[in-house]
Amino acid sequence: QVQLVESGGGLVQAGGSLRLSCAASGRTFSTYAMGWFRQAPGKERALVAAISRGGQRTYYTDSVKGRFTISRDNAKNTVYLRMNSLKPEDTAVFYCAAYSGSNYYGLTTGEYDYWGQGTQVTVSS
């Protein structure tokens, strides 16, 4: 079992930056691909970015390409999401999740096995 704890959320002005971190428990972190999801009020939780087990492959949803960067440090059991040029529409609760499937990573919530508790990101205009 993997426990995930997100941190780094907060309130930032439009155009600003934040870096989210997700620390995982256990010694099997490198066997999971990782994803960052977000859920805005009244909307479904959706994938923002994902990274393969070794970090070689990444995925970004179109709305964050060029602004967000996902990375991981398997020695520290941590995955990061660097968010630049933040916009008010990025406001959401951000969740990290662990994927144990056979693909490089999952694209939907149902494919992920473990979830963190979420961290709030609020971007003011």
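Each remark here, short or long, concerns the structure printed above.
Notes on the structure follow. These numbers were taken from a predicted model, which means no experiment stands behind them. (Residues numbered from 1 in each chain as written. Predicted model: local features only at pLDDT ≥ 70, side-chain atom pairs only at ≥ 80, totals over all residues. Heavy atoms only, no water.)

A short note on the state of the cysteines
- Overall, the coordinates contain one disulfide when judged by the stated rule.
- Here cysteine 22 engages in a disulfide with cysteine 96; their sulfurs sit 1.9 Å apart. Taking the torsion about the S-S bond as the criterion, the cysteine 22 to cysteine 96 disulfide, at about 50°, is right-handed. Highlighted residues: cysteine 22 in strand E3 (residues 18-24) and cysteine 96 in strand E9 (residues 92-99), separated in sequence by 74 residues. (Disulfide = S-S within 2.5 Å. Helix = DSSP H or I, 4+ residues; strand = E, 2+ residues; numbered from the N terminus.)

Quick notes on the pairing of strand E7 (residues 68-73)
- Taking every second residue as pointing to the same face, the buried face of E7 carries Phe68, Ile70 and Arg72, while none of Thr69, Ser71 and Asp73 on the other face is buried.
- Once E7 ends, the chain turns through four residues before running back antiparallel as strand E8 (residues 78-83), passing asparagine 77 with a positive phi of about 55°. (Buried < 20%, exposed > 50% of the residue type's maximum accessible area, 1.4 Å probe, protein only. Pairing = 2+ DSSP bridges.)

Remarks on the environment of glycine 66
- When you line up the elements, glycine 66 lands in the loop between strand E6 (58-60) and E7.
- Given a relative accessible area of 84%, glycine 66 falls into the exposed group.

Re the nonpolar core
- Grouped together as the largest cluster of nonpolar side chains are 29 residues, with contacts concentrated most on Met34, Trp36, Leu81, Met83 and Phe94.
- Beyond its immediate sequence surroundings of up to four residues, methionine 83 is in contact with Gly16, Ser17, Leu18, Leu20, Arg67, Phe68, Phe94 and Val121. (Core = buried A, V, L, I, M, F, W, Y, C linked by side-chain atoms within 4.5 Å. Contact = heavy atoms within 4.5 Å.)

Details of the packing of aromatic side chains
- Tallied over the full model, the rule gives seven aromatic pairs.
- Ring geometry for tyrosine 32 and tyrosine 114: centres 6.0 Å apart, planes at 75°, overall edge-to-face. With tyrosine 32 in the loop between E3 and strand E4 (33-39) and tyrosine 114 in strand E10 (residues 114-115), the pair connects residues that are 82 residues apart, well separated along the chain.
- The exposure class of tyrosine 32 is buried, given its relative accessible area of 11%.
- Judged by relative accessible area, tyrosine 114 falls into the partly exposed class, the value being 23%.
- Plain terms: the ring middles of phenylalanine 37 and tyrosine 112 are 5.0 Å apart, the flat faces sit at 85° to each other, and that makes the pair edge-to-face. In this pair, phenylalanine 37 is assigned in strand E4 and tyrosine 112 in the loop between E9 and E10, connecting sequence segments 75 residues apart.
- Residue classification places phenylalanine 37 among the buried residues on the basis of a relative accessible area of 1%.
- By relative accessible area, tyrosine 112 is classed as buried at 6%.
- Every member of this aromatic cluster is reached through a ring pair, and the members are Phe37, Tyr95, Tyr99, Tyr112 and Trp115. (Phe/Tyr/Trp six-rings, centres within 6.5 Å; stacked < 30°, edge-to-face > 60°.)

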